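# Fold and contact review
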Amino acid sequence: MQNPQWPVGLTLSGTPTLKAILNHDPQLARRFYPINFPALNAIQDTDQILATVAYYLEQTQLTVGKDLLTQDFAARAIHAANGEYGLLIEHTIDAIENALRRKQSTLDVENYRDWFSKKQDVWMV
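Keep in mind it's a predicted model, so treat the numbers as computed, not measured.

Attention shifts here to helix α5 (residues 85-101). Taking 1.5 Å of rise per residue, the 17 residues of α5 would be expected to cover 24 Å, and the 24 Å separating its terminal C-alpha atoms lies within 8% of that figure. Every buried residue of α5 is listed here: Leu88, Ile89, His91, Thr92, Asp94, Ala95, Ile96, Asn98 and Ala99. Of the residues one or two after α5, Lys103 is the one with positive phi, at around 60°.

The structure is reproduced here in structure tokens:
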């Protein structure tokens, strides 16, 4: 991190416990700038979530399916991602992959549901 010919930046992602570990050592604490992302809220963050899903959808050839960009969908997506924005984006990318693999022209709630159901099966093994 201190070599002028080859500077390195390090990004760590974790829980508050990781922040406590880093802050335990003064040398480490000086080298990191923590950024906390608050948990998503189904009431306050609905527009942001719907805009994010719409953005990712625009990057594909898929169209918006039934019941996809609704408040109910946003609330369910936030719950499935445990309020974590990064995880919600991962779920969206996986749902898009699900639709593309099926050669669908539309992304809908079923793609999220199918992906999440398969993920749960893997976790249970």
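Moving on to helix α3 (residues 46-58). Helix length check: α3 (13 residues) gives 18 Å between terminal C-alpha atoms against 18 Å at 1.5 Å per residue, within 8%. Along α3, the residues classified as buried are Thr46, Ile49, Leu50, Thr52, Val53, Ala54 and Leu57.

Moving on, we come to the nonpolar core. Judged by nonpolar contacts, the single largest core of 19 residues is most densely connected at Ile49, Leu62, Leu68, Phe73, Leu88, Leu107 and Tyr112. Ignoring sequence-local partners within four residues, the contact set of Ile49 consists of Leu40, Ala74, Ile78, Tyr85 and Leu88.

Enumeration according to the criterion identifies two aromatic pairs in this entry. Where Tyr55 meets Tyr56, the ring centres are 5.6 Å apart and the plane angle is 85°; that geometry is what we call edge-to-face. Tyr56 gets classed as partly exposed once you look at its relative accessible area, which sits at 24%.

It is worth spelling out the pattern of salt bridges at this point. Throughout the structure, instances matching the rule amount to four salt bridges. Ionic pairing is found between Arg101 and Glu97, a salt bridge with its closest N-O pair at 2.8 Å. Remark: Glu97 and Arg101 occur in helix α5; sequence separation between them is four residues, near one turn of the helix. The class for Glu97 is partly exposed, based on a relative accessible area of 35%. Here Arg102 makes a salt bridge to Asp114, at a shortest N to O gap of 2.6 Å. Taken together, the residues Arg102 in the loop between α5 and β2 (106-107) and Asp114 in helix α6 (residues 109-124) connect sequence positions 12 residues apart. The partly exposed category is assigned to Arg102, whose relative accessible area is 41%. The exposure class assigned to Asp114 is buried, which follows from its relative accessible area of 18%.

Parameters at a glance
- Residues numbered from 1 in each chain as written.
- Predicted model: local features only at pLDDT ≥ 70, side-chain atom pairs only at ≥ 80, totals over all residues.
- Heavy atoms only, no water.
- Helix = DSSP H or I, 4+ residues; strand = E, 2+ residues; numbered from the N terminus.
- Expected span 1.5 Å × (residues − 1).
- Buried < 20%, exposed > 50% of the residue type's maximum accessible area, 1.4 Å probe, protein only.
- Core = buried A, V, L, I, M, F, W, Y, C linked by side-chain atoms within 4.5 Å.
- Contact = heavy atoms within 4.5 Å.
- Phe/Tyr/Trp six-rings, centres within 6.5 Å; stacked < 30°, edge-to-face > 60°.
- Salt bridge = Lys/Arg side-chain N within 4 Å of Asp/Glu carboxyl O.

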